[in-house]
Amino acid sequence: MVRRSCDAAGLLGAYRAAVANLETYVDEINGLNVFPVPDGDTGSNMLATFQAALTEAEGVGEGAPVERVAAAASFGALMGARGNSGVIASQILRGMSEGLAGKSRFNGLDLAHALDQGSKAAYGAVAKPVEGTILTVIRESAVAAVAAAQKQNDLEAVLTVTLDAAEKSVARTPSLLPILREAGVVDSGGQGLYRLFQGALAFMVGRAPVAVGPRAAAKAAVLVAHADEGFGYETMYLLQARAGGRLDVDAIKGYLESVGESVLVAGDARAVKVHVHNERPDLVIGYGIGAGDLSRVSVENLDNQTRDVRESRAAEFAAGPGATAVPASAPTATETARGETIPLAVVAVAAGEGLAAIFRDFGVSRIVVGGQSANPSTGELLEAIRSVDAREILILPNNPNVILAARQVAQMTDRPVAIAATRNAAEGFAALLALDPALPAAENAEAMTAAGRAVQTLSVTDAVRDATIGGTKV
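Thresholds, definitions, all that
- Residues numbered from 1 in each chain as written.
- Predicted model: local features only at pLDDT ≥ 70, side-chain atom pairs only at ≥ 80, totals over all residues.
- Heavy atoms only, no water.
- Axes fitted to C-alpha atoms, helices over the stretch in contact; angles between N-to-C directions.
- Helix = DSSP H or I, 4+ residues; strand = E, 2+ residues; numbered from the N terminus.
- Parallel < 35°, antiparallel > 145°, perpendicular 65-115°, else oblique.
- Left-handed = near helix turned anticlockwise from the far one by under 90°.
- Contact = heavy atoms within 4.5 Å.
- Phe/Tyr/Trp six-rings, centres within 6.5 Å; stacked < 30°, edge-to-face > 60°.
- Buried < 20%, exposed > 50% of the residue type's maximum accessible area, 1.4 Å probe, protein only.
- Lys NZ or Arg CZ within 6 Å of the ring centre and 35° of its normal.
- Pairing = 2+ DSSP bridges.
- Salt bridge = Lys/Arg side-chain N within 4 Å of Asp/Glu carboxyl O.
- Nonpolar A, V, L, I, M, F, W, Y, C, P; charged D, E, K, R; others polar.
- 1 Å grid on protein atoms, 1.4 Å probe; cavity = no way out; pocket = protein on both sides within 12 Å on 5 of 7 lines; lining within 4 Å.
- Points joined across faces, edges and corners; volume = space filled by probe spheres on them.

1. Quick notes on the packing of helix α3 (residues 42-60) against helix α4 (residues 66-80)
At their nearest, the axes of α3 and α4 sit 7 Å apart, and the two run at 140° to each other. Here α3 lies oblique to α4, going by the angle between them. For α3 against α4, the interelement crossing comes out right-handed. Contacts between α3 and α4 involve Ala48, Thr49, Ala52, Ala53, Glu56, Ala57 and Val60 from the first element and Arg68, Val69, Ala72, Ala73, Phe75, Gly76, Ala77 and Gly80 from the second.

2. Details of the packing of aromatic side chains
Throughout the structure, instances matching the rule amount to two aromatic pairs. Measuring from ring centre to ring centre gives 4.2 Å for tyrosine 255 and tyrosine 287, while their planes differ by 10°; the resulting arrangement is stacked. Within this pair, whereas tyrosine 255 is found in helix α11 (residues 249-259), its partner tyrosine 287 is found in helix α12 (residues 281-291), the two being separated by 32 residues in sequence. The class for tyrosine 255 is partly exposed, based on a relative accessible area of 25%. Looking at tyrosine 287, the relative accessible area reads 24%, which means it is partly exposed. Ring geometry for phenylalanine 359 and phenylalanine 429: centres 4.5 Å apart, planes at 45°, overall tilted. Placement of phenylalanine 359 in helix α14 (residues 353-361) and of phenylalanine 429 in helix α17 (residues 425-433) is noted, with a sequence separation of 70 residues between them. The buried category is assigned to phenylalanine 359, whose relative accessible area is 0%. Phenylalanine 429 sits in the buried class, given a relative accessible area of 17%. Geometry around tyrosine 25 places arginine 195 over its ring, the cationic atom sitting 3.6 Å from the centre.

3. Considerations on the pairing of strand β9 (residues 366-369)
In the sheet, strand β8 (residues 342-350) pairs with β9 via four bridges, with the strands oriented parallel. Bridge pairing links alanine 350 to valine 369 in β9.

4. Thoughts on unusual backbone geometry
A positive phi angle is found at arginine 296, which is not glycine, with a value near 50°. In this structure, arginine 296 sits in strand β6 (residues 293-301). Within the chain, asparagine 398 stands out as a residue other than glycine whose phi angle is a positive 60°. Secondary-structure assignment places asparagine 398 in the loop between β10 (390-396) and α16 (400-410).

5. Quick look at the pattern of salt bridges
Per the counting criterion, the structure on display carries 16 salt bridges. Here lysine 120 and aspartate 116 are joined by a salt bridge, their closest N and O atoms 3.2 Å apart. Of this pair, lysine 120 and aspartate 116 both sit in helix α6 (residues 108-125), four residues apart, which is roughly one turn of that helix. The exposure class of lysine 120 is exposed, given its relative accessible area of 51%. Using a relative accessible area of 23% as the deciding quantity, one classes aspartate 116 as partly exposed. The salt bridge partner of aspartate 164 is lysine 168, with a shortest N-O separation of 3.3 Å. One end of the pair is aspartate 164 and the other is lysine 168, both in helix α8 (residues 155-176) and four residues apart, which spans about a single turn.

6. Some words on the packing of α6 against helix α7 (residues 134-151)
Their axes nearest at 8 Å, the elements α6 and α7 cross at an angle of 155°. Looking at the two axes, α6 sits roughly antiparallel to α7. Here α6 runs over α7; the crossing is left-handed. Note on element contacts: α7 touches α6 through Leu135, Thr136, Ile138, Arg139, Ala142, Ala145, Val146 and Ala149, opposite Gly108, Leu109, Ala112, Leu115, Asp116, Ser119, Ala122 and Tyr123. Of the residues contributing to the contact of α6 with α7, the split by class is 11 nonpolar, three polar and two charged.

7. Description of the sheet that holds strand β5 (residues 271-278)
Read from one edge to the other, the open sheet built from four strands follows the order β4-β5-β3-β6, with strand pairing classed as antiparallel. Pairing within the sheet leaves two strands with one partner each, and these edge strands are β4 (261-267) and β6. With direction set aside, neighbouring strand axes in the sheet form an average angle of 10°. Summarising the sheet, β4 and β5 pair through five bridges and their orientation is antiparallel. The residue bridging leucine 264 from the neighbouring strand is histidine 275, located in β5. Where helix α5 (residues 83-99) meets the sheet, its contacts fall on β3 (233-240), β4 and β5, and the angle it forms with β4 comes to roughly 30°. On the sheet, α11 packs against β3, β4 and β5 and is oriented at approximately 165° with respect to β4.

8. Digging into empty space enclosed by the protein
Under the criterion given, the structure shown has two cavities of 30 Å³ or more. Its boundaries defined by the atoms lining it, the largest cavity holds a volume of some 370 Å³. What lines the largest cavity is a set of 24 residues, and nearest its centre among them are Tyr15, Ala18, Met96, Phe197 and Ala200. Elements supplying a minimum of two residues to the lining of the largest cavity: α1 (8-24), α3, α5, α6, α8 and α10 (188-204). Class assignment for the residues of the lining of the largest cavity results in 24 nonpolar, no polar and no charged.

9. So, the environment of asparagine 84
For asparagine 84, the position within the fold is in helix α5. Distance in space between the C-alpha atoms of asparagine 84 and methionine 46 is 9.0 Å, their sequence separation being 38 residues.

Shape descriptors only; they carry no functional weight alone.
This is the structure in structure tokens:
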């Protein structure tokens, strides 16, 4: 039976299942963590934040109105928020609490409205919002939820659409944030939000909350080259207004932006959770002391955290089986650790390191060296495909003389291989802009071929002999 609405007991059940699912996948989420700092703790921070929210909500009890449970969860998350992701997550819950104000029960439209409020609250807390993060995922999920609720006001139906939108949004995050594309991962905070929705939906459709068993296998994020530049300190604290006073949230944001980065100020004139990265935590704490009453102060050395994670991942990677050399093809910086199967990978043919570097920046998993007068063989393309651990493969031939060989390869593999029939590198770049990682290879190939053909290109090359072409002497 489809669940059309939900009371406080149902909301608590959904919270429990969401937190249980997040706990199951916490290592997976930690392994994806490269932005804003590759310190491997996004999953742990989100879990701690939502566990604090759940504890507070449990204290209200199942007999209370929905609005009280939601408000308690919001307060618990604010007090227990850890890290960048935790503070943003706490604001999602704050916005949802505002959206459920006055409700003893809620339906699909109420949920959609609450998610929309959560999205706005999260964006409002971030001084400089960055797309391709958990912010993008909550916004796009909320938009999908609102559209679904306007058609069908069933809670289960709306949450199903929300989960699907979150999954697709997470898959697109590398196309929005270069550091994710460089590391070959999706956004960790966005993935954490997806796992929360996944657990909540499991409860809504009548499945038992996800049991916390063996941890899901962690994805070893490729180490980012500029991780040695230094990140300074992460300073966090709870700042409360003094008796009879109010906090100036905008002024707090303004000061912190002047002394640091990754600034988050979550809360209102009564109390805010502060999060900032900089080299002078003393300035951040000193400002807080002058503005109100401080508690729950935390200062972490991000450089030490990042170094430890980097060394751990490097050791794990080195311990794995060695990669087999593939003649005429070169791995890109975005290729994932061996043993990890990704849904969709792109193999591109490129003539020269300059073009190859651009394709790598686009997230191409394998480059095959070749082009005009140096067409790669079917065997070389096949070797490149076999070296990529992905369920489906897309080939960008980037030359008319390579398209036939690519089509032959597609018939020789044991997994789906699709061809976007690009005729040069410029068409290849245009095709990659149309790539949707959430779609199958075959569907992508059609759209990407059309995108490639939509651009006009001009090639300059050496003529091997004199000629007259179209009335023009060469």
